[in-house]
Structure formats: C-alpha cells, structure tokens
4 protein chains.
Amino acid sequence: MRAVKTGEKTRVAVVGASGYTGEELVRLLLRHPHAELVVATSRQFAGRTLGEVFPRAASYPTAKTLKFTDASPAQIAAEAQLVFLALPHGVAVEFAAPLLDAGARVVDLSADFRVKDATVYREFYGHEHGAPDLLADAVYGLPEVYRDKIREARLVACPGCYPTSILLPVIPLLREKLIKPPSIIANSLSGVSGAGRKAELDYLFVECNESVRPYGVPKHRHLSEIEQELSVAAGTTVTIQFTPHLVPVNRGILTTLYLAPTEAGQDPKRIEAAFRESYADEPFVRLLDDKTLPDTKNVVGSNVIEIAWRHDPRTGRLIVMSAEDNLVKGASGQAVQCFNLMCGYEESVGLI
Amino acid sequence: MRAVKTGEKTRVAVVGASGYTGEELVRLLLRHPHAELVVATSRQFAGRTLGEVFPRAASYPTAKTLKFTDASPAQIAAEAQLVFLALPHGVAVEFAAPLLDAGARVVDLSADFRVKDATVYREFYGHEHGAPDLLADAVYGLPEVYRDKIREARLVACPGCYPTSILLPVIPLLREKLIKPPSIIANSLSGVSGAGRKAELDYLFVECNESVRPYGVPKHRHLSEIEQELSVAAGTTVTIQFTPHLVPVNRGILTTLYLAPTEAGQDPKRIEAAFRESYADEPFVRLLDDKTLPDTKNVVGSNVIEIAWRHDPRTGRLIVMSAEDNLVKGASGQAVQCFNLMCGYEESVGLI
Amino acid sequence: MRAVKTGEKTRVAVVGASGYTGEELVRLLLRHPHAELVVATSRQFAGRTLGEVFPRAASYPTAKTLKFTDASPAQIAAEAQLVFLALPHGVAVEFAAPLLDAGARVVDLSADFRVKDATVYREFYGHEHGAPDLLADAVYGLPEVYRDKIREARLVACPGCYPTSILLPVIPLLREKLIKPPSIIANSLSGVSGAGRKAELDYLFVECNESVRPYGVPKHRHLSEIEQELSVAAGTTVTIQFTPHLVPVNRGILTTLYLAPTEAGQDPKRIEAAFRESYADEPFVRLLDDKTLPDTKNVVGSNVIEIAWRHDPRTGRLIVMSAEDNLVKGASGQAVQCFNLMCGYEESVGLI
Amino acid sequence: MRAVKTGEKTRVAVVGASGYTGEELVRLLLRHPHAELVVATSRQFAGRTLGEVFPRAASYPTAKTLKFTDASPAQIAAEAQLVFLALPHGVAVEFAAPLLDAGARVVDLSADFRVKDATVYREFYGHEHGAPDLLADAVYGLPEVYRDKIREARLVACPGCYPTSILLPVIPLLREKLIKPPSIIANSLSGVSGAGRKAELDYLFVECNESVRPYGVPKHRHLSEIEQELSVAAGTTVTIQFTPHLVPVNRGILTTLYLAPTEAGQDPKRIEAAFRESYADEPFVRLLDDKTLPDTKNVVGSNVIEIAWRHDPRTGRLIVMSAEDNLVKGASGQAVQCFNLMCGYEESVGLI
C-alpha cells in the first residue's frame, strides 16, 4: 500500500477562476485540508476578494482575504507549487508552457491537452494547437483509468464533462470485449452550467426553462477525446454516435448508452463482473443494483458517478446509464481528485 | 375537396376529466367554435363547476355554469353525440361499450383500444382486455396516418404521447424503406405532466426539480402500440429500442431517434422527399430546415410536432428528432383533431 | 349599449417586435379575428419571416409570409391604421410623434407616455422627456379605469406589468376611502421574462434557477406611474412602498399588498362591495372567494388578473393579493384589450 | 475563552429520519468529525441502510452499514448520548420525555417545544400540549440569541425555518428600540422542501413549477414562536404581519421585512451598529454591504443567513431582507450548530 501524505499543505493557484468551473474549483480547494490557495487570477475580478465574487465561498477564511489578481505565469509559479487552469481552450495552452518551465505542475481543465494528436485537435477545434510538443507529456486526468500516470504527471489534462460520463461506463466493456465498438450510441442530457457563464441569449432563463433541446448534432468537439480514449480501451479505432441535449437543471449530466453486446457480453454475469472488477473499490463510482436507475439529483454536489445497466431481451441490446455532476466529477472535482493523486494525498480527501 | 361543415355544433362529453389530459381537453373544447360541452364527469369533483376545478378555464362562459357529474354511460349518451374518455386504461373499456351501444361516438384517450391484438395487450398491461370484440372497430387516432378511417370511425383510440413523438418521424422512413427496421432506437425525454396528476412521492416538485432520470428500462407499455404501427408501415414486424426519461419541465416530449439508413436512405434527398411528401401539407407537422433543431418550448401549448433530421457522415447513421406537447399533440389536441375529422369540420379548427 | 363592430379588420403594425413583449403581441394579433398584421419591424430580424423568428407563431398563415422590416414611421403609417410600439423607453417616443402626425393611432407598450408630468419622468428615468407636448394627449391604457377615454384615444400608454398588478387591486379601495394611503406596501414577485430578452449574466438560467432575490430596493421606476394613478384614485398624493423580487418562473407576477383599512374599510362587506362593484362585470378581473388565493399558474397565458383579500383580525390590516401574466395582462394582452376598445370591437375578442 | 473539545466523538441518534429535514440532518452528521451516528429510526425504511434510502449520503462509510430501525426511546437512549428528533409536531413530544428520563439530551426539530405557553400552543396547533411540564426546560435553539443556555440545555427546541429568517434580522432592531413593534410586516418566500416529503397534489412538480402563490393567509402557525421571541427582544408584546409564499425552488427562504423606524432608527448608523454589534463575529450571519442584496442561491447548502437593509427616504420605512437555506440554517444545520454548543465543540465544526 502506498504511503499517504497528510501533514503538509500544497500551495495551489487557480488561473481564470471566474466561470462556473472555476468557482466550483475554488470552493473545493478552500475546504480542502491539504490545499492552500495562494493565487487566484481573473482579469475581470482583479482586486476583489474571492468572497466578494463568489458569495457561496464567502465563509471560508481565505475567501475573506485572498484577492483575485492578474498575475503572470512567472508570478504564479513563484507562489504556487501546482496550478489549475480554468481557462477557455486555446488560452490554457499559453499558460501551461511557462508554468511548467518555471517548475510548477499543471492541472488543466480545458480541452487543450486532452487530444494526443494535433491533427485531430485542429479538426475538432478549428485552429492549430499552440504547443504540440507538450501533448506527449500530458496525462489524461481520469483517475479510474490513468491513476498511476497521474501520480507522476507534471501536466494533467482533465477530461470534459460529457467524456467522463461516457468513458467510465464504456471502457470496462470495451476492454473485456463485451460490446461491439461500432454500435456505441451515447445520448447525453446536460444541465445549463455546462455552457459556462456566458452572456448569450440561448442560455437565458426564459430560453432554457421549460425547454428541452438537442444541439451540436451530429459532431460535437468532445468526440475527439471520447473516441481517443475508447480506442485505447478497445485496442482499435472507435467511432461513436453522440448527441448532447440541454435540459433545465443547473447541474448534472445523464448519459444513456445503447450498445450491441458481443456474444460474451450477452451474459449478464460478464457485464456485472466487468463493472465490479473495474469499480468495486473506486471511491467515486457507484454501481447501482438492478432495481435502481441513475438520477442526477443523487450525485449533484458530489464527485460520484452512478452507473446502471440493463440487457433488453427483446432487442438484444445492452443499455448503460450514468449520472454525474458536470461541474464536479465532470470538471473540478475530478481535477481535485487528480491533485490528490499528484501530491500523494488520499485520493478522496476533500471530496466526501 | 371535402365539404367542411361549419354551421352547427356537436354536443360532446368528457368522461374522467380531472387529470391533466382531461383538463387540457376541457379547455380545448370550451374554446372550440363547433363543440358544445354538455357533460363532464368526475367522481372527485361532482357538483362543482368546471371553472371552480380548473381556474385556467374559468373565463369560458360554459365553465361558469356546467358542473361535473357522476353520470352513467346511458345518461351521458342521452346528452352527447360524441364522448371523450379521459380515464385510466382498464377503466375506459368499461365505458366504451355501453356508450357505443347507446349510439354515441367515442374518442378514447386511454391505451385500451390502441393495441389490435388482445394477447399483446395482456403482455404489456398485465390483465385480459375487457372488450376484445371492440378492438377491430377501433381506429388508431393518428390523423396524419389514418385520416380517412378516423372520419368514419365510431371508436377512435388516440395514440399515447411517446408513440406520437416516434411514429410521425419514423413512419415515412419505413414506408419508403429508407431505414433498417431493427436499427431503430428512440430516446425520449418527457415533462412531468406525462405522469398524470397522481399524489406520489416520485412526482413531487423536490423529487423532479434539478433531477434527470431514465425510467421503465427496458420495457415500457407504449412499445406495444409503437411497434404495432411501425410494423404496419414497414410491412414487417418491427422491434425497437425505447428509453423514456423524466426531465423537469411541465410539458413537452423530445425524442431523438438513431436510425441506420438503407442504401436508399443514405441519400439526403430521399429522406427530405419522404418527409416533404408525407407532411408538407399537414397543418400540425413542422419540418425544420438544416439550421434548426426541435425545442419543446416552440411547441408547448400547440398541437404542432417539430421534426428535424441529420445524416452523420462519420457513423453513417441518420438522426431524427421530434418535439411535441405531450398534453396536446400527444393527447388532447390530437383527440380534438380526430373529433374535427369525425364531425366533418376543418381539421385544424379550434387548434390554432 | 354600444354597437360592436365585427365585420371589418383593422390593419396594424408592431414596431420593435423582437423582445418577449413583442413576440407575445405578435401572437395575439395573428390569432385576432379583427386584426390584420401588415407590418412588423425589427432591425435585428429584418428580412426574416415572423415564423422563422418566432417558431411558436409559425402556424399562423401570416407568419409564413410577413417579413420583419426596418420601415420608417412614414412607411409604417402608410400601411397600418394602428401601430403598437414595443420599443425600449426613450426610443418609443421618437416613433410616436411622426406616426401620430401621419394619422396613425398608437398603442405604446413602453414607459414613455405613462407619466403625465415630465419632471417626474426625468426623476425616475434619468433624462428629459422627448415629446412632453404629447403627454397631455396620452391615455393611460388601463381599460378597467379609463375605458371611455381609451375608446377615443389616438395615443394609449399601456401600463407596466407591476403597476397593473398593484393598481387594479388598490384603486377601488382608495376610491371608496377604505384604506389609508400612506399605509400601502406592495411586495411583488416577477417571472424572469419581465427583465426582457437581454443577454446579461444576471438573467442566465443558472443565475435565476434555484434563486429568489429582491432587486431595485427601495426605488423602482414603476413607482412613478403607480403613484400617479393611485393619487388620482385617492384624490390626494400617494406615496407607496414597493419591492420587486425575481423568482424562477418564465411568466407571472404575484403581488401581496399590506394595507391599513380606514374605519369603513374594517367592514368586510365594504371591501367586498368595492371589489364587486368595480369588477363584477369585468371580463378579465377574477375576484376569488374566501377559500381561494391567487396563483400565477392560473393566469399565465391569459389576460386575467386574479384578486383575493383577507382581513387579519390580529393586526387589523387588510391583505390583498393579485396574480397576472406579466406579458399578457401586464403588457401585450392589455394592449390588445385597448386596441379592441379603440376600434369598437368587443373588448375581449381575441383574448379568451 | 472557552475550551473547545476536539478529541472525542459523541454518539448521536436521529429519530424519524425519512423526511427532507431528516435526510439533511443525517448527511450533516455523517460528515461531522465529532458525531458518531449510531441510531437512525424510520418505520417506513426500517431494515434498509441509510445509503439505500438516501443515495446522496451513500458515499459515507457509515451509510453503507447503518440500517434504519424502529427502536424504542429506551433502546435509542441506550445507544446514543444525544438524540435529534426529526418527527412531525405532536409526535416528537412523545419521544422527548422518555429519552430525557433515560438520560439522553434531546435536540427537537419539530414545533413541540418552541412555544413556552401551552395555551398559545393549543391556539396555534389545535390540540393540548403533550408534555407541558417540559416547556420550561426547553431552550429555544437560536444560537445567536441563546448561545449560553443552549450549551447547558438538555432539551433544545430548534426554531422553524420561517422564524429563523425573521428573528435574526429583527431582534437586534427591537432590542435597540430602533423600530416600532406594531409596524413589523414579514413577507416570506419559501422553496417547496419546506412543505416536507408528503405525497399531496399541491406539491407535485406540475402544481409548483411555473407557479407562485401565497398560502396560510393571514394566520400561520409559526407566528406563535416568532411573536414569542420578538416579544422577549422588545420587552413588550409584539404582534406581526406574516405572509408565506411558495416559489418553485427546492430550497431557500427569502424574507422581506417592512419596518417603521423609531426616531433613533432613522439614523442609518444606528441600524448598521445594531447589526454589526450583534453579528459581526457570528460565523453564520453574513451582513451584506449597501451594494448587495440577499439571494437564496448564495446560501443554499450552507448554514449561512444573509441580511441586508435599506432606508427608504421616500416613505421613511426600513426594509430588511434575509436569505437562508430552510433545511440548513432553517432546520438541520441549526440543529447541528446547537449540538456543537451542547457538546463543547467549536460552533462551526462540520458546518463549513
């Protein structure tokens, strides 16, 4: 068993903390017993305390004193040992290199370092990658899959919210060859915080409330990282169907997966075994029994992902469903989980 | 062209008017220029006026005077020429036979007469059908498919809310052999009114708000009528995948369909043509262009179903999406549309 | 009894139709049997049909053909007999004068002509009034109070949403001297559409959902017109307390009024009589009985305002409550009610 | 300064844990570093683990093993040192006496021991009090007011949710004679969880969503404890106006208070001083500055109450507003705050 560090704190920074992901990250770090938040940057809020900008965090002592700054990478690296980037994609990449050069470790919550192949990045994000030489170094921050690599990483690329909700249910099945890769269909429903804190008409209350709608059909950017990781698990190139929908909740992603089982996968015991072996000991994966289905309200505010599955004897398909909080297990909670691994703390500390 | 009747009113009754479907039906009939609502029954509300029970209908003159009764079928048939049954399945069947015998025409909004095969009914509903001899007479109340039969019918079985959202998008494709029947996957999201006005914990505000969840996986009762009608369209037995989900809106169903096109169906022009030929002249089907996706907020309160489709060149699949109001096009509006046809009125009167 | 015109249509225009109020107005006019919508202007949407911009209105034939334009007042007046202005305050005033000069009648939904005193306007709106000479001509468009003047008016200033919810319950009590003017406290709760279709962070779904908050404390602009009209009713200058709150619904205003009755007003029969005499015959005022309280869901989508009242024997106060749809009775429905009066149609036509 | 105990845990029980308050309490206790939850009772859920019944608590180790029981008071007292009662009023009283007799300390979240005068209890709750002799012993569990008494109490009566939202803003003003007692008007908006987990039509999603409504006008049960505590603060009998409203959020109470200041209270500095002196050091009272108003979303999930105030120079009134989470500061969080005091722990432990 690994020794778990408990006695000392790690000095951390959050860069670009003004969105929903940044706010959630700040709250998780403020209450984390082993994190000392020393820098938070935001051009928009520079000069104001964390507590003024994020009233929900105002009760933490640090929030009353620490002010947002507009610090440079060099200044940030001088203060913090580990830096979280909560920046838009395309911007995070500009901070990562100087921070790494200055000796900081980096946990990036954007999409900038998730895709290993710069060509794929360009296809899905529409511009050249800003630091392709760093891609090989980056570790995909899905602890249930890359735990050991995350421990040693100096640059972690946290998965997107949709990818997490798809990868954790599907990877065990692909690894065990229990499903046919071309059959994978992922139907995902997301709360509106997934769109970020952006002043756009589409995300006004009146436009989202009493509304249910698909978007990004048929090609969403997250497909690039989803297919990359599913291909690794399958040992072959995987192309999936993925349709995101916007539903009127603040938080939560519910993904329903339609899968064609292989002959082996038609055996319920094999499916059960694949999930149990992968996740029985995972602190943040909750495998549901055969009487229970996932519900986002059971995971919102926590780092847990719920997973359930059903064979349909009428069609022969396997239906797998997951629920997570897009801002926690789908973003900031997972980032803190990676931080715990990187620093040698107990993996779940600060997250339960 | 058919002559359209306009001058005279038809006396109608609503039996079991106390649920959400019944309330919507009452409102549609109260504002209908050719319907005269003469009987509304409800054990629970007997003796109270429509307006007292349904404040939203209180401004209609009839709502101020007409009281709910607990009338028998014979009494109802003595007053009304056409009777709407808004009763639970298994109960509607008890009213239909005596009403028909007494000479009334019947529009049933329950599931009791939708399935032609009493064996299938028993499989999905768990009890013997109460009047199997009436099944042959019943016409499935989907005007876009059975318009002429509805005109002549004495017993119309209005489709369920989910079935309407699936059948209208899929039938044209099956008829033209543009999709492979075994590939059909329907992922549906429904507002909470679909569960009815039932005092159950699962449908409390706090249990539904900020919650997204699947249910009835993998075998929902509506499959019986969906597969029956798809099989008719395909000319072969069709078995589909269908997963309903509950989302926190009052009204609306959004269905996303995943379909494998046949060779012919890979041609976008063929898909477009199939939809245009079927629905270009339909008053309540809105085919969206290639820049627009369905959104329940655009159809709630109306009898319209929106349909859009996209080919996915990456996977070869065809994605078809629909949006409707579960209480209008999915129930009471469709019942009034049938009523208009049965009585020779313009099909859209009272519905726009 | 007045003769009611029914046979001919009036050509109408809507200027600035792109907000929530404009959209609601367009829908009401499209379904109105005596209105012919001939012009709709919107800089933002010029060249697109009404149906493309407002999918909820797309089923009306006119919505399929009529396109938004950027027409000048002269062009508008050449087409339309009566023009609705759904523009921001300060902009509406620029259109009113040339339209009136060109012979059109004008129904203004902005605040520009509600306040009779240009000095008061400047105090509350922060700039000089753009056409103070027109103020004397403008009739405050509250049909229950100014019905006869509205019939003859060439310029109608429709009340704000909050004012309607306060004036209709309070005016009868002030007129009959049943309450003490200085005691009036109005606590109002509004749905988010009241803030308009503005891309501002404060009105994002995530900022409004699961949030309840006061705003504009203690001095809201609507106080200017509220106090003006209450003063008329009281025959003396009235200053009131008014606190608006934002609650997470799309539509609806619920106002709770705290009032100190005069000696006469302590008699429940006097209160009852004041309301009955003022409103028993009003098509859009629903006086509730002593077992029922207002609920916005009972009026949303309709032009009705619900009013209830209770004496509190413990405190001696009179509590009066009202509920309305801020976009209908609080804006566009009331505008159509005024239109009906101005054109000699039945007052409720197109609104039930 | 008081010594703060940290080293040892207190064994606690929760009786009647199946409602929303009970669930929140269980979660707070499971994560509390000094509480060891040893008994949880629920007739309905007896035999099932906490985690099965409350999925949101399922990640806590104790939730995986501890099962609900139907234990008697004697059995509970044998296991636990301190017992929380999360029972309906009228039932809690039956458990309190035997538990106290058996030596347990009791924190009651019902209304049973809040009102000191059994006659007042009967007036407001409609039946005789079940244990009037215990009323003198009970301490009203509002730590900001009764901190020292709570420390020594064997029976604490936690305040209701509405009372907390009213008492904390008003008491400092009454104590300093800055407002006139007869002027107090409290307009409160509550989320639906305040109605409890009851299968009643009124609290269905469809009945609450897109609905805003007052209820309990003019005499709500909570008035009994509110007026009792305000009278203590004022040194004279206080009767207030109070109107609760239901708004469609899960959690949160927003109270807007309308107050007439005394001559002293017209001085903004005196108001500011009264609040600062009472609450500047309170861990759970957040006094807002003059640019910020309370918003329930800033306190939901926390034990914080936000308070802001404004003088209205036009009317002379003082407007005070508060926001809290009805299930935390309004119920279970406050109960844990009392527990911390009773056991000598730091008051905020487990609550930040």
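Everything in this summary refers to the structure shown in the same document.

So, how was this worked out
Residues numbered from 1 in each chain as written. Chains lettered and ligands numbered in written order. Predicted model: local features only at pLDDT ≥ 70, side-chain atom pairs only at ≥ 80, totals over all residues. Heavy atoms only, no water. Helix = DSSP H or I, 4+ residues; strand = E, 2+ residues; numbered from the N terminus. Expected span 1.5 Å × (residues − 1). Buried < 20%, exposed > 50% of the residue type's maximum accessible area, 1.4 Å probe, protein only. Arc of directions from axis to C-beta. Contact = heavy atoms within 4.5 Å. Polar contact = N/O pair within 3.5 Å; in protein donor to acceptor, adjacent residues only side chain to side chain. Pairing = 2+ DSSP bridges. Phe/Tyr/Trp six-rings, centres within 6.5 Å; stacked < 30°, edge-to-face > 60°. Lys NZ or Arg CZ within 6 Å of the ring centre and 35° of its normal. Buried area = accessible area lost by both parts, 1.4 Å probe. Salt bridge = Lys/Arg side-chain N within 4 Å of Asp/Glu carboxyl O. Least-squares fit on C-alpha atoms with pLDDT ≥ 70 in both. Axes fitted to C-alpha atoms, helices over the stretch in contact; angles between N-to-C directions. Left-handed = near helix turned anticlockwise from the far one by under 90°. Nonpolar A, V, L, I, M, F, W, Y, C, P; charged D, E, K, R; others polar. Disulfide = S-S within 2.5 Å. 1 Å grid on protein atoms, 1.4 Å probe; cavity = no way out; pocket = protein on both sides within 12 Å on 5 of 7 lines; lining within 4 Å. Points joined across faces, edges and corners; volume = space filled by probe spheres on them.

**Examining helix 11 (residues 268–279) of chain A**
Residues and elements named next belong to chain A.
Here is step 1 of the chain: In this model helix 11 runs 17 Å from its N-terminal to its C-terminal C-alpha over 12 residues, within 8% of the 16 Å that 1.5 Å per residue would give.
Here is step 2 of the chain: Among the residues of helix 11, those classed as buried are Ile 271, Ala 274, Phe 275 and Tyr 279. The buried residues of helix 11 all sit within an arc of 95° when viewed along its axis, so they share a single face. What points out from helix 11, more than 90 degrees from its buried face, is the exposed set Lys 269 and Glu 277.
Here is step 3 of the chain: Among the structural elements, helix 7 (143–152), helix 8 (161–175), strand 11 (285–287), strand 12 (305–311) and strand 13 (318–324) are those in contact with the buried residues of helix 11.
Here is step 4 of the chain: Where helix 11 begins, the side chain of Asp 267 points an oxygen toward the backbone nitrogen of Lys 269, at a separation of 2.9 Å.

**Some points on the side chain of Ser332(C)**
Residue and element names in this part refer to chain C.
Here is step 1 of the chain: Turning to its location among the elements, Ser 332 is positioned in helix 12 (residues 328–343).
Here is step 2 of the chain: Overall, the relative accessible area of 0% leaves Ser 332 in the buried class.
Here is step 3 of the chain: Polar contacts involving the side chain of Ser 332 include one to the main-chain carbonyl oxygen of Thr 21, which spans 2.8 Å.
Here is step 4 of the chain: Setting aside residues no more than four positions away along its own chain, Ser 332 makes contact with Thr 21, Glu 24, Leu 25, Leu 28, Leu 109 and Leu 327.

**Focus on the sheet that holds strand 6 (residues 155–157) of chain D**
Here is step 1 of the chain: Taken in spatial order, the six strands make up an open sheet running 2-1-3-4-6-5 (chain D), and their pairing is parallel. The outermost strands of the open sheet, each flanked by one partner alone, are strand 2 (35–41) and strand 5 (139–140) of chain D.

**What about the packing of aromatic side chains?**
Here is step 1 of the chain: For the structure on display, the rule yields 34 aromatic pairs over all chains.
Here is step 2 of the chain: Consider the rings of Tyr121(A) and Tyr125(A), whose centres lie 4.8 Å apart with planes at 15°: the pair is stacked. Of this pair, Tyr121(A) and Tyr125(A) both sit in helix 6 (residues 118–125), four residues apart, roughly one helical turn.
Here is step 3 of the chain: Residue classification places Tyr121(A) among the buried positions, given a relative accessible area of 1%.
Here is step 4 of the chain: A ring pair is formed by Tyr140(C) and Tyr146(C), whose centres lie 6.4 Å apart and whose planes are at 85°; its orientation type is edge-to-face. We note that Tyr140(C), like Tyr146(C), is buried.
Here is step 5 of the chain: Through pairs of rings, three or more aromatic residues link up here, namely Phe45(A), Phe54(A) and Phe68(A).
Here is step 6 of the chain: Over the ring of Phe124(A) we find Lys219(A), and its NZ or CZ is 4.7 Å from the ring centre.

**Here we look at the interface of chain C and chain D**
Here is step 1 of the chain: Each partner contributes residues to the interface: chain C has 48 residues there, and chain D has 48 residues.
Here is step 2 of the chain: For the chain C and chain D pair, buried surface summed over both sides reaches about 3800 Å², with 56% attributable to carbon and sulfur atoms.
Here is step 3 of the chain: We note a salt bridge from Asp295(C) to Arg213(D), for which the minimum N-O separation is 3.9 Å.
Here is step 4 of the chain: At the level of elements, strand 7 (185–190), helix 9 (205–208), strand 8 (213–214), helix 10 (223–234), strand 9 (241–246), strand 10 (253–259), strand 12 (305–311) and strand 13 (318–324) of chain C are the ones that each hand at least two residues to the side of chain C that touches chain D.
Here is step 5 of the chain: The element that contributes the greatest number of residues to the side of chain C that touches chain D is strand 7 of chain C, accounting for four residues.

**Quick word on the sheet that holds strand 8 (residues 213–214) of chain A**
Residue and element names in this part refer to chain A.
Here is step 1 of the chain: One open sheet accounts for seven strands, arranged 8-9-7-10-13-12-11; its pairing is mixed. At either margin of the open sheet sits one strand with a lone partner, and together these are strand 8 and strand 11.
Here is step 2 of the chain: Relative to strand 12, strand 11 is paired through three bridges, and the arrangement is parallel. When the sheet's bridge partners are listed, Leu 287 is paired in strand 12 with Ile 307.

**Focus on the pattern of salt bridges**
Proximity of charged atoms lets side chains of opposite charge pair with each other.
Here is step 1 of the chain: Inspection of the entire model under this criterion finds 88 salt bridges over all chains.
Here is step 2 of the chain: Residues Asp325(A) and Arg251(A) are paired through a salt bridge, measuring 2.9 Å at the closest nitrogen-oxygen approach. In this pair, Asp325(A) sits in the loop between strand 13 and helix 12 (328–343) while Arg251(A) sits in the loop between strand 9 (241–246) and strand 10 (253–259), placing the two residues 74 residues apart along the sequence.
Here is step 3 of the chain: Residue classification places Arg251(A) among the buried residues on the basis of a relative accessible area of 16%.
Here is step 4 of the chain: Through salt bridges with shared partners, one network takes in Glu23(A), Arg56(A), Arg197(A), Glu207(C), Arg213(C), Asp295(D) and Lys297(D).

**What to know about the relation of the copies chain C and chain A**
Here is step 1 of the chain: Each copy superposes on the other: chain C lies on chain A with an RMSD of 0.0 Å after a rotation of 180° and an axial shift of 0.0 Å. Taken together, the rotation and translation describe the operation of a two-fold axis.
Here is step 2 of the chain: When the interface residues of chain C are mapped onto chain A, 100% of them again fall at the interface, so both copies present the same face.

**Comments concerning the relation of the copies chain C and chain D**
Here is step 1 of the chain: If you rotate chain C by 180° and push it 0.0 Å along the axis, it lands on chain D with an RMSD of 0.0 Å.
Here is step 2 of the chain: Here 100% of the interface residues in chain C have copies in chain D that are interface residues too; the copies meet face to matching face.

**Here we look at the packing of helix 8 of chain A against helix 11 of chain A**
All names here are of chain A.
Here is step 1 of the chain: Contact pair helix 8 / helix 11: the axes reach a minimum separation of 9 Å and the direction vectors enclose 115°. Remark: the crossing between helix 8 and helix 11 carries right-handed chirality. Across the interface between the two elements, Leu 167, Leu 168, Pro 169, Pro 172 and Leu 173 from helix 8 touch Ile 271, Ala 274, Phe 275, Ser 278 and Tyr 279 from helix 11.
Here is step 2 of the chain: Looking at the contact of helix 8 with helix 11 residue by residue, the class counts come to nine nonpolar, one polar and no charged.

**A short note on the environment of Pro98(B)**
Here is step 1 of the chain: Positionally, Pro98(B) belongs in helix 5 (residues 92–101).
Here is step 2 of the chain: Counting along the chain gives 13 residues from Pro98(B) to Ala111(B), while the straight-line C-alpha distance between them is 18 Å.

**Thoughts on the state of the cysteines**
Here is step 1 of the chain: Per the stated rule, a full pass over the model turns up zero disulfides over all chains.
Here is step 2 of the chain: Here Cys343(A) is not disulfide-linked; the sulfur of Cys338(A) is the nearest cysteine sulfur, at 11 Å.
Here is step 3 of the chain: Residue classification places Cys343(A) among the buried residues on the basis of a relative accessible area of 10%.
Here is step 4 of the chain: The thiol of Cys161(D) is unpaired, and the distance to the nearest cysteine sulfur, on Cys158(D), comes to 12 Å.

**Looking at empty space enclosed by the protein**
Here is step 1 of the chain: Applying the stated criterion to the full structure yields two cavities of 30 Å³ or more.
Here is step 2 of the chain: If you add up the space inside the largest cavity, you get close to 80 Å³.
Here is step 3 of the chain: Contributing to the lining of the largest cavity are Phe205(A), Asn209(A), Pro248(A), Phe205(B), Asn209(B), Pro248(B), Phe205(C), Asn209(C), Pro248(C), Phe205(D), Asn209(D) and Pro248(D).
Here is step 4 of the chain: Across the lining of the largest cavity, the residue classes break down as eight nonpolar, four polar and no charged.

**Here we look at the interface of chain C and chain A**
Here is step 1 of the chain: Each side of the interface is counted separately: chain C has 19 residues, and chain A has 19 residues.
Here is step 2 of the chain: Interface of chain C and chain A: buried area, both sides summed, is about 1700 Å²; carbon and sulfur atoms make up 63% of it.
Here is step 3 of the chain: When residues of chain C are sorted by the area they lose upon contact with chain A, Phe205(C), Val206(C) and Asn250(C) head the list and together hold 37% of the total.
Here is step 4 of the chain: Put simply, chain C and chain A have two salt bridges between them.
Here is step 5 of the chain: Here Arg197(A) and Glu207(C) are joined by a salt bridge, their closest N and O atoms 3.5 Å apart.
Here is step 6 of the chain: Counting across the chain C and chain A interface gives eight residue pairs in polar contact (both at pLDDT 80 or more).
Here is step 7 of the chain: Ranked by residues supplied to the side of chain C that touches chain A, first place goes to helix 9 of chain C with four residues.
Here is step 8 of the chain: Per-class residue counts for the side of chain C that touches chain A are 11 nonpolar, three polar and five charged.

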